[in-house]
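Summary of the model geometry
Spelled out from the first residue to the last, the chains are:
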Amino acid sequence: MVSPRSAPESRRPMLAGWETKYQFAVIVCDLAVILGVTIVVAVLIGAWTPLHAVAFAGLTQCAILAGLGGSRAWSPVMLGHGAEEFRRLYRGLFTAMVILAISGFAFSLDGLRPWVFVALPAIAVIDFPVRYILRRLLHKRRQVGRCLLPVLAAGGTGTVTDLIDRTRKAPHQGWRVEAVCTADGGGEVEGVPVVGQIEEVAEHVRRGGYRIVAVTADSYWTPRRLQQLAWELEDSSAELVVAPVLMEIAGPRLHVTGVLGMPLLMLSAPVFTGARRVVKEIVDRVGGAVLLALLSPFLLALALAIKLNDRGPVFYRQRRIGKDGKAFTMIKFRSMVSDAEAQRIGLLAMNEGAGPLFKVRKDPRVTRIGAILRRYSLDELPQLFNVVGGSMSLVGPRPPLPEETERYGPDARRRLLVKPGLTGLWQVSGRSDLPWEESVRLDLRYVEDWSLALDAVILWKTVRAVVKGQGAY
């Protein structure tokens, strides 16, 4: 789905009341963080040079405001959804850092160093979580049907149905399809009224006050008709969003380019080597080692609890398939009785897992301590040894069993192009509650759209998913 940021921001849409309030809340929180941090740094530095501290504090605040303004970090089009909001915040703060660094070098202002290397990083460390908290509050409102943008969908019945289903499954994205235009007109699509035919889209937008016009695939749409629709919507408050139907890829691999006067989506090949992969490898090894060191007392306590529960082994070792189809031994805390594999045959009739997965919601083989470990995914913590050893990554697709991979089709086999992960999109999207097809789709999306930023987002969301314990059994 092409993001709304492709629309020109010079034509500001008419904001709903909640959008204005949310934008105001973001600006107030940003300014509070900037003011608070600069005051603290000024007080600390002011003990030696009070006048200079006040002057540098003012200069820092001006540089930050200029950077955030130049990067459009408060644009209402971006606030509340997508990674672009955080990228603009980062660009704004980085621009401020560059402004201060150049000013300090050009005018020999040595006193600016603490503002560049202390104040600005501190603002970033505080402001990013503040923005995330505001977004979570907005998402909670959207889950109950508030703070949603009204959408008019125009296209074929099948593709419009898919769009409606996706918006209902992910209300936190902020879209609610309230009307549909199809080739035939009339009737309903998934309970949404069809208000007219496709060629009447612009007319219905002006009458209905929709904020988003989502164009989905239909034989009616031609380059000329799409261009004409864009022109007709220029004087309205609606943003035109076009769904590419030939691929389900987003992120850094997808680029819009112009060739021979035609706007084209350029898809670059997925990169599984290079500098970014080296960085990921370093982060995995170092991060895994640091986590093992920090968690070692907790891991020892869990190991003791497992041992005392039934005197059985602490760890459970299992063959899994890793990158390029190479087998490795995955380590987990044992959460079942010692002869769990022998009992599996008798439980085949109770299997609730989709596809090649074997899952039983109330598995009688799970021990008392094992139920707690599984609920909060604590049984997976020993996989940090696999991460440090290089057979797994902190973030990646779910590590499959050998018998699973034997039943893989060509699509699912692409999961083996990267290392399996301790967590991944499957972990933050429902875990065991996910259908097999959806877990494959999420893993393929990770493989196709991988980036360091995506890894950071998944790690951040994993904490919340584990604390809630949803989808784990």
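Located above this text is the structure these notes cover.
The paragraphs below set out a description of the structure included in this document.

Cut-offs used in this document
- Residues numbered from 1 in each chain as written.
- Predicted model: local features only at pLDDT ≥ 70, side-chain atom pairs only at ≥ 80, totals over all residues.
- Heavy atoms only, no water.
- Helix = DSSP H or I, 4+ residues; strand = E, 2+ residues; numbered from the N terminus.
- Buried < 20%, exposed > 50% of the residue type's maximum accessible area, 1.4 Å probe, protein only.
- Pairing = 2+ DSSP bridges.
- Right-handed = clockwise from strand over helix to strand, strands pointing away.
- 1 Å grid on protein atoms, 1.4 Å probe; cavity = no way out; pocket = protein on both sides within 12 Å on 5 of 7 lines; lining within 4 Å.
- Points joined across faces, edges and corners; volume = space filled by probe spheres on them.
- Nonpolar A, V, L, I, M, F, W, Y, C, P; charged D, E, K, R; others polar.
- Polar contact = N/O pair within 3.5 Å; in protein donor to acceptor, adjacent residues only side chain to side chain.
- Contact = heavy atoms within 4.5 Å.
- Axes fitted to C-alpha atoms, helices over the stretch in contact; angles between N-to-C directions.
- Salt bridge = Lys/Arg side-chain N within 4 Å of Asp/Glu carboxyl O.
- Phe/Tyr/Trp six-rings, centres within 6.5 Å; stacked < 30°, edge-to-face > 60°.
- Lys NZ or Arg CZ within 6 Å of the ring centre and 35° of its normal.

1. Description of unusual backbone geometry
Look at arginine 72: it is not a glycine, yet its phi comes out positive at around 55 degrees. You can see arginine 72 is positioned in the loop between helix H2 (50-70) and helix H3 (84-106). Using a relative accessible area of 44% as the deciding quantity, one classes arginine 72 as partly exposed.

2. A few points about the pairing of strand S1 (residues 149-154)
Of all six residues in S1, six are buried; the element is thus mostly enclosed. In S1, alternate side chains face the same way, and those of Leu149, Val151 and Ala153 on one face and Pro150, Leu152 and Ala154 on the other are all buried. Pairing analysis gives six bridges linking S1 to strand S2 (residues 175-182), with the strands arranged parallel. The partner of leucine 149 across the bridge, within S2, is tryptophan 175. In this fold, S1 hands off to helix H5 (residues 157-169), which returns the chain to S2; that crossover is right-handed. As paired elements, S1 and strand S5 (residues 212-215) share four bridges and run parallel to each other. Bridge pairing in S5 links valine 151 to isoleucine 212.

3. Thoughts on empty space enclosed by the protein
Evaluation of the coordinates by the stated rule reveals two cavities of 30 Å³ or more. One number sums up the size of the second largest cavity: a volume of about 40 Å³. Taken together, Ile321, Gly322, Lys323, Pro397, Arg398, Pro400, Arg415, Leu416, Val418 and Pro420 make up the lining of the second largest cavity. When its residues are assigned to classes, the lining of the second largest cavity shows six nonpolar, one polar and three charged.

4. Some details on the side chain of aspartate 455
Tracing the backbone through its elements, the reader meets aspartate 455 in helix H15 (residues 452-468). Among the polar contacts listed, one links the side chain of aspartate 455 to the side chain of tyrosine 446, at a separation of 2.7 Å.

5. Side note on the sheet that holds S5
Spatially, six strands are ordered S3-S4-S2-S1-S5-S6 in an open sheet, and the strand pairing comes out mixed. Two strands close off the open sheet at either side, each with one partner strand: strand S3 (188-189) and strand S6 (239-242). Examined bridge by bridge, S2 and strand S4 (residues 192-197) share three bridges and lie parallel to one another. Its bridge partner lying in S4, threonine 182 is registered against glutamine 197. Taken strand by strand, helix H6 (residues 201-208) contacts S1, S2, S4 and S5, and its axis lies near 165 degrees from that of S1. Most of the contacts of helix H7 (residues 223-232) go to S6, to which it runs at about 160 degrees, and overall it touches S5 and S6.

6. Remarks on the pattern of salt bridges
Under the defined criterion, the tally for this structure stands at 21 salt bridges. Salt-bridge contacts for arginine 206 lead to aspartate 235; the nearest nitrogen and oxygen are separated by 3.8 Å. With arginine 206 in helix H6 and aspartate 235 in the loop between H7 and S6, this pair connects stretches of sequence that are 29 residues apart. Glutamate 281 is paired through a salt bridge with lysine 419; the nearest N and O atoms lie 2.9 Å apart. Within this pair, whereas glutamate 281 is found in helix H8 (residues 275-310), its partner lysine 419 is found in the loop between helix H13 (410-413) and strand S12 (421-423), the two being separated by 138 residues in sequence.

7. Quick look at the packing of aromatic side chains
A complete count under the given rule lists five aromatic pairs for this structure. Pairing tyrosine 90 with phenylalanine 94 gives two aromatic rings, centres 6.0 Å apart and planes at 20 degrees, and the pair type is stacked. Placement of the pair is tyrosine 90 and phenylalanine 94 together in helix H3, with a separation of four residues, close to one helical turn. Seen in terms of ring centroids, tyrosine 220 and tryptophan 221 are 5.1 Å apart; in terms of plane orientation they differ by 75 degrees. Their pairing is edge-to-face. Classification of tryptophan 221 by relative accessible area gives buried; the value is 14%. Positioned above the aromatic ring of tryptophan 450, the side-chain terminus of arginine 277 is 3.9 Å from the ring centre.

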